[in-house]
Amino acid sequence: MTAPRRAHKLPRRDQLDKACLAMSPLRLDNLEVFATIIRCGGFRAAARERRVSSSALSQTVTTLEEALGIRLLNRTTRSVAPTEAGARLLARLAPALDDIREALEDLNQLRDTPSGLIRINAPAPAVEHVLCPLVFDFMHRYPDVKVEIVSDAALIDIVERGFDAGVRFGRQLAQDMIATPLGPPLRYAIVCSPAYRDARGTPLSPQDLIGHDCIRRRFPGGSLATWEFEKDGEALSIAPEARLTLGSAHQEVQAALAGQGIAHVFDTYAKPYLDDGQLIELMRDWSPRLPSWFLYYPNRRHPSAAMRAFLAHVKAQA
């Protein structure tokens, strides 16, 4: 009887460490080649990615296997697969290679001047009153950075749509995003022209809006804006009847100036006309204060140099 064949014993971790130290010299790129071949599923694909010949990669793996004293890949004419030893090595090797790549990327980003494109998605009020002043100042400081701002009130997946950041209220933010306050708290104002008030009277509470000409806004997605009120801890959200429906706060203010009815807008839109008396504010004691806008962005370990510079600029202005 022939002696039973001994199972091929896997080396212990300390044996692998000693073998790696014994390599003369230890080549990090040999280990990376091994990982690339497995990730690409074969020598040909890995050779195309690394722009070398398949035979050169084969020789690299052979050298690595001889230095470690164990086979890492099972090779046939049609396929390549890691042995058990190769799979174990890759499991420990892949995170280390990722850390090395990230460390090199950190150095590149420290070296590079912020440049390239930043895309931001934000509702029109945030764009006009908060975001644009910040962006204009930022672009003066970083002339190599381009910025694209898309005005949009719809709730979207900014990552899926290719944006670097978005602006929304705090309660509208996804949980996996990082957010930083952008600008002061917000306040709604109920406004009309003096002529409208003189002709139709002064509503003193939200219930008094029944029978008045209210000016409402329809968002691009089709929904109508509700009107928010708050007083002494009581919060109300109503959908008043409207003779006139428009698509933006600017249009609502213009309609109120023309005496078409009562508008419900952020006070930043109405302030110039309130200051000069062309509009008057109604039910100020029912006007709720809201949190500030938030700039939010994906929880990525390595944002671009341009995005890092913009975030630092935003935080410096807070």
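Scroll up to find the structure.
About the criteria used
Residues numbered from 1 in each chain as written. Predicted model: local features only at pLDDT ≥ 70, side-chain atom pairs only at ≥ 80, totals over all residues. Heavy atoms only, no water. Helix = DSSP H or I, 4+ residues; strand = E, 2+ residues; numbered from the N terminus. Buried < 20%, exposed > 50% of the residue type's maximum accessible area, 1.4 Å probe, protein only. Contact = heavy atoms within 4.5 Å. Salt bridge = Lys/Arg side-chain N within 4 Å of Asp/Glu carboxyl O. Pairing = 2+ DSSP bridges. Axes fitted to C-alpha atoms, helices over the stretch in contact; angles between N-to-C directions. Phe/Tyr/Trp six-rings, centres within 6.5 Å; stacked < 30°, edge-to-face > 60°. Lys NZ or Arg CZ within 6 Å of the ring centre and 35° of its normal. Polar contact = N/O pair within 3.5 Å; in protein donor to acceptor, adjacent residues only side chain to side chain. Core = buried A, V, L, I, M, F, W, Y, C linked by side-chain atoms within 4.5 Å.

Peer 1: So what exactly am I meant to see when it comes to the overall build of the protein here?
Peer 2: Check the secondary structure of the protein and you find ten helices and 15 strands. The buried share of the protein, reckoned over its 318 residues, is 37%. Restricting to contacts in the protein with at least 6 residues of sequence separation, those with at least 24 account for 71%.

Peer 1: Would you mind showing me how to read the pattern of salt bridges here?
Peer 2: Once the charged atoms of two side chains with opposite charge are near each other, the side chains can pair. Inspection of the entire model under this criterion finds 14 salt bridges. Between Arg187 and Glu281 there is a salt bridge; the shortest N-O distance is 2.6 Å. Linking Arg187 in strand β7 (residues 186-192) with Glu281 in strand β13 (residues 280-282), this pair joins segments that are 94 residues apart in sequence. A relative accessible area of 8% means that Arg187 is categorised as buried. Residue Glu281 is classed as partly exposed on the basis of its relative accessible area, which comes to 22%. Ionic pairing is found between Lys271 and Asp275, a salt bridge with its closest N-O pair at 2.8 Å. Taken together, the residues span about one helical turn, with Lys271 and Asp275 both in helix α9 (residues 267-275) at a distance of four residues. Exposure remark for Asp275: the relative accessible area of 56% places this residue in the exposed category.

Peer 1: Looking at this structure, I do not really get the sheet that holds strand β15 (residues 293-298). What am I missing?
Peer 2: Strands in a sheet are paired, the pairing made by backbone hydrogen bonds, and the direction either parallel or antiparallel. One open sheet holds the five strands; their spatial order is β4-β3-β5-β15-β6, and the pairing between them is mixed. Single-partner strands in this sheet number two, and they are β4 (145-151) and β6 (177-182). Averaged over all neighbouring strand pairs, the angle between strand axes comes to 25°, with direction disregarded. In this structure, strand β3 (residues 116-122) lies alongside strand β5 (residues 165-169), joined through two bridges in parallel fashion. Note on β5: the bridge partner recorded for Ile120 is Ala165. Packing against the sheet, helix α10 (residues 305-317) makes contact with β3, β4, β5, β6 and β15, and its axis sits at approximately 155° to β15.

Peer 1: I'm lost on the packing of aromatic side chains in this one. Help?
Peer 2: Two descriptors summarise a pair of aromatic rings, namely the distance from one centre to the other and the angle between the planes of the rings. For the structure on display, the rule yields four aromatic pairs. Where Phe138 meets Phe310, the ring centres are 5.1 Å apart and the plane angle is 75°; that geometry is what we call edge-to-face. With Phe138 in helix α6 (residues 124-141) and Phe310 in helix α10, this residue pair connects regions lying 172 residues apart in the sequence. Residue classification places Phe138 among the buried residues on the basis of a relative accessible area of 0%. Ring centres of Tyr188 and Phe266 lie 4.8 Å apart, and the angle between their planes is 5°; on these two criteria the pair is classed as stacked. Here Tyr188, found in strand β7, pairs with Phe266, found in strand β12 (residues 262-266); they are 78 residues apart in sequence, far enough to count as distant. The exposure class of Phe266 is buried, given its relative accessible area of 8%. Among the aromatic residues, those joined into a ring-pair cluster are Phe138, Tyr142 and Phe310. Stacked on the ring of Phe163, the Lys or Arg Arg119 has its end atom at 4.2 Å from the ring centre.

Peer 1: Would you explain the side chain of Arg217 in this entry?
Peer 2: Mapped onto the secondary structure, Arg217 falls in strand β8 (residues 214-217). Residue classification places Arg217 among the buried positions, given a relative accessible area of 15%. Within the structure, Arg217 has its side chain in polar contact with the side chain of Glu252 (distance 2.6 Å). What Arg217 contacts, discounting residues up to four positions off in sequence, is Ser223, Leu224, Ala225, Thr245, Leu246, Gly247, Ser248, Ala249, Glu252, His264 and Val265.

Peer 1: Got a minute to help me understand the pairing of strand β9 (residues 227-231) in this structure?
Peer 2: For a regular strand, side-chain orientation follows a simple rule: the groups alternate between the two sheet faces. In this structure, β9 lies alongside strand β10 (residues 234-238), joined through five bridges in antiparallel fashion. Looking at β10, one finds that Trp227 is bridged to Ile238. Once β9 ends, the chain turns through two residues before running back antiparallel as β10, passing Asp232 with a positive phi of about 50°.

Peer 1: I'm lost on the nonpolar core in this one. Help?
Peer 2: Where a protein is soluble and globular, its nonpolar side chains tend to be buried together. Within the largest apolar cluster, 42 residues are counted, with the highest numbers of intra-cluster contacts made by Leu131, Val167, Leu182, Trp293, Leu295 and Phe310. At eight residues, the largest contribution of residues to this core is made by α6. When sequence neighbours within four positions are dropped, the list of residues in contact with Leu295 reads Ile120, Ala165, Gly166, Val167, Ile178, Ala179, Thr180, Leu182, Phe310, Leu311 and Val314. Leu31, Val33, Val61 and Ala85 belong to the second-largest nonpolar core, a separate cluster that totals 20 residues.

Peer 1: Could you clarify how one ought to interpret the environment of Arg161 in this entry?
Peer 2: Here Arg161 shows up in the loop between β4 and β5. On the accessibility criterion, Arg161 (47% relative accessible area) is partly exposed. When the C-alpha positions of Arg161 and Asn121 are compared, they lie 9.5 Å apart, and in sequence the two are 40 residues distant.

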